[in-house]
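# Structural overview
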Amino acid sequence: MLEVARAGADYLDVAVEPLSWGKVHPDVITIREMMKADGFLVKDLDMDAYMEVRRLTQKFIDDFLGYWINPANAKMSSLLVGCGLPGGMMGSMMADLKGFQNAINATERANGRPEISLDTLMVKLFQEVEYVWPRLGYPPLVTPFSQYVKNTALMNLLNTLNGKPRWTTIDKDTWGMILGKMGRLPGELAPEIVELAKEKGLEFYNGNPQDPYPDELPKFRQMMKDEGWDEGQDQEELFEFAMHERQYRDYKSGIAKQRFNTELEDLRKKAGAPIVVTRPVVETPKFDAEEYSRKYPHAVAVQSPAKGQVIWQLDVKDDSSAPVAGTAVEAGKAMGYVQTNYGLEEIVPAVDGLVIETMTRQGEKAVKGEIIAYVEPKSQKQ
């Protein structure tokens, strides 16, 4: 699977990033052959893995993502090779450019000049990105730095078409990057940028970029602890929560999934896709409830309080397992847990007594209301 991911990483970026109007990245094979032709040492592709990634990606597009992708992105293009734009930056930039087109053409009409087509503006914008990126010190084209490069290039294009000089409009966040408040840039700033900063009376920062900001992780770590959420391997869940608190809470509560399914269904209807009817699956019971009632007439069923994974024990020192027959339990006191998408729900017996048998093993899935164990009341044992 790792090889699949390695072989298809660029293909996935090609396929799923640019959701707005625009052009799509050239295929990774094209870029690889270009690099080989220029003398770079490039590893061979595992073509079986590459084609498997293409298949999986195409299925994802057919089932879900394709309903959000603009048809203009259906074709591969080599136009992006020159400026080296990553997919996410390109997608948002092209969406912004379409809005800018109206403002630019309003100026063109007012000055008696012909309107500029979107394709012409796109080429001009790519050329402007090629101009801006090195002069801003080659910031890495990932969020948020790619957005700063994009915004600067867009404003430069708008200003120059309106007869104003470049760098007329640079937002404060971009200036923060330029001045070193977000860390040292990979390359040197162009003299014109340094001079512009001096003209504005701005000072460059050479300290630790973290120092001006308080450490917020302890706050989010405590919130995760309060919610019963795991921080994840290498704390990736913690960092995701800290960066996108509202979205993460929506994900944990199930709201995000519900919203996604609703939007997907609306888009499927607009696209005329076949209606998918989902019916509950009636499965053969794991056991014969009537037989248990005859064998243990006084037994009380313990039901799953929610849909999720049954966790009978939380034991980090030994293998966890379901309680064995004869284990004493108390009414109203948790005898296990169900791991849901929003946290842990307690499995609580209704009576004091002894476990007769558990119907669900440690780690198995259960639905809300499913019988997962039987308890014989204490009064019946006396």
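Residues numbered from 1 in each chain as written. Predicted model: local features only at pLDDT ≥ 70, side-chain atom pairs only at ≥ 80, totals over all residues. Heavy atoms only, no water.

### Considerations on the overall build of the protein
Keep this limit in mind: Put simply, DSSP H or I for four residues or longer makes a helix, DSSP E for two residues or longer makes a strand, and each gets a number counted from the N terminus. Residue exposure (1.4 Å probe, protein chains only): buried if accessible area is under 20% of the type maximum, exposed if over 50%, otherwise partly exposed. When checking whether two residues touch, look at their non-hydrogen atoms; a contact exists if any pair is within 4.5 Å. Working definition of accessibility: Shrake-Rupley area with a 1.4 Å probe, residue cover restricted to the visible protein chains.
Looking only at helices and strands, the protein has 14 helices and 8 strands in total. Looking at the protein as a whole, 34% of its 382 residues qualify as buried. The long-range fraction of contacts in the protein, counting pairs at least 24 apart against all pairs at least 6 apart in sequence, stands at 67%. With an accessible surface of roughly 23700 Å², the protein has 53% of that area assigned to carbon and sulfur atoms.

### Examining a nonpolar patch on the surface
Rule in force here: Patch membership requires more than 30% relative accessible area and the absence of a salt bridge. Residues of like charge join within 9 Å; the nonpolar side chains Val, Leu, Ile, Met, Phe, Trp and Tyr join within 5 Å. Salt bridges are counted wherever a side-chain nitrogen of Lys or Arg sits within 4 Å of a carboxyl oxygen of Asp or Glu.
Residues Phe60, Phe64 and Phe260 make up a contiguous nonpolar surface patch of about 250 Å² in total accessible area. Position of Phe64 among the secondary structure elements: in the loop between α3 (47-63) and α4 (87-110).

### A word on the packing of aromatic side chains
What counts, and what does not: Any two of the Phe, Tyr and Trp rings considered here, Trp counted by its six-membered ring, make a pair once their centres fall within 6.5 Å; the pair's planes then place it as stacked at under 30 degrees, edge-to-face at over 60, or tilted in between. Two limits define a charge over a ring: the Lys NZ or Arg CZ must be within 6 Å of the ring centre, and within 35 degrees of the ring normal.
Evaluated as defined, the whole model comprises 10 aromatic pairs. Centroid distance Phe145 to Tyr148: 6.2 Å. Interplanar angle 85°. Geometry classified as edge-to-face. Of this pair, Phe145 and Tyr148 both sit in helix α6 (residues 145-161), separated by 3 residues, roughly a single helical turn. In terms of burial, Phe145 and Tyr148 fall into one category: buried. Put simply, the rings of Phe220, Trp229, Phe241, Tyr248 and Tyr251 pair up and form one aromatic cluster. Note that Arg135 overlies the ring of Tyr131, its terminal NZ or CZ placed 3.6 Å from the centroid.

### Comments concerning the pairing of strand β8 (residues 371-377)
Defined as follows: Strand pairing is defined by DSSP finding a minimum of two bridges between the two strands.
Across the 7 residues that make up β8, a large majority, 6, are buried. In terms of strand pairing, strand β1 (residues 300-303) meets β8 through 4 bridges, oriented antiparallel. Bridging across to β8, Val300 finds its partner in Val375. Relative to β8, strand β6 (residues 353-358) runs antiparallel, the two being bridged by 5 bridges. Directly across from Glu357, in β8, lies its bridge partner Tyr374.

### Comments concerning the environment of Gly353
Secondary-structure assignment places Gly353 in strand β6. Separated by 26 residues in sequence, Gly353 and Thr327 place their C-alpha atoms 8.3 Å apart. In this structure Gly353 touches Thr327, Ala328, Val329, Val375, Glu376, Pro377 and Lys378, once residues within four positions along its chain are discounted.

### Structural notes on the sheet that holds strand β2 (residues 308-311)
Backbone-to-backbone hydrogen bonds pair the strands of a sheet. The strands run either parallel or antiparallel. A sheet is described by the order of its strands in space; here 4 strands give the open sequence β5-β4-β2-β7, paired in antiparallel fashion. The sheet is open, and its two borders are formed by β5 (343-347) and β7 (365-366), each paired with just one other strand. Looking at chain direction, β2 and β7 are connected through 2 bridges and run antiparallel. For Gln309, the partnering residue across the bridge sits in β7 and is Lys365.

### Quick word on the pattern of salt bridges
Inspection of the entire model under this criterion finds 16 salt bridges. Arg246 is paired through a salt bridge with Asp250; the nearest N and O atoms lie 3.3 Å apart. Linking Arg246 with Asp250, this pair stays in helix α11 (residues 245-253), spanning 4 residues, or about one helical turn. For Arg246, a relative accessible area of 53% puts it in the exposed group. Several salt bridges converge on common partners, so that one network encompasses Arg32, Glu33 and Asp44.

### Focus: the sheet that holds β8
Reading across from one edge, β1-β8-β6-β3 is the order of the 4 strands in this open sheet, with antiparallel pairing throughout. Since the sheet does not close on itself, it has two edges, and those belong to β1 and β3 (328-329), each with one partner.

### Observations concerning helix α5 (residues 118-135)
Residues spaced three or four apart along an α-helix face the same direction, because each turn holds 3.6 residues. The line we're drawing: One fewer than the residue count of a helix, multiplied by 1.5 Å, yields its expected span.
With 18 residues, α5 extends 26 Å from end C-alpha to end C-alpha; this agrees with the ideal 26 Å at 1.5 Å per step. Of all the positions in α5, only Leu118, Leu121, Met122, Leu125, Phe126, Glu128, Val129, Val132 and Pro134 are classed as buried.

### Digging into the packing of helix α9 (residues 217-227) against α11
Stated precisely, the cut-off is as follows: A fitted line through C-alpha atoms represents every axis, and for helices the fit uses only the stretch in contact; the resulting angles, taken between N-to-C directions, go from 0 to 180 degrees. Roughly parallel covers angles under 35 degrees, roughly antiparallel covers those over 145, roughly perpendicular covers 65 to 115, and oblique covers all other angles. Crossing handedness: left-handed means the near helix sits turned counterclockwise from the far one by under a right angle, and right-handed means the same turn made clockwise.
Axis separation between α9 and α11 bottoms out at 14 Å; the angle between their running directions is 15°. By the angle between their axes, α9 is roughly parallel relative to α11. Seen along the crossing, α9 lies across α11 with a hand that is right-handed. Between α9, through Phe220, Met223, Met224 and Glu227, and α11, the contact on the second element is made entirely by Glu245, Tyr248 and Arg249.

### Quick word on the nonpolar core
Just so we agree on the cut-off: Residues belong to one nonpolar core when they are buried, are Ala, Val, Leu, Ile, Met, Phe, Trp, Tyr or Cys, and are joined through side-chain atoms within 4.5 Å.
Residues Leu97, Leu136 and Ile178 are the most contacted members of the largest nonpolar core, which totals 35 residues. Met335, Ile347, Ile372 and Ala373 belong to the second largest nonpolar core, which has 13 residues in total.

### Section: the confidence of the model for the protein
Where we set the bar: pLDDT measures the predictor's confidence residue by residue and takes values from 0 up to 100.
Of the residues in the protein, 81% have a pLDDT of 70 or more, and the chain-wide mean is 81. Looking across the protein, the model is least confident in helix α1 (residues 2-16), with a mean pLDDT of 36, and most confident in helix α8 (residues 191-199), with 96.

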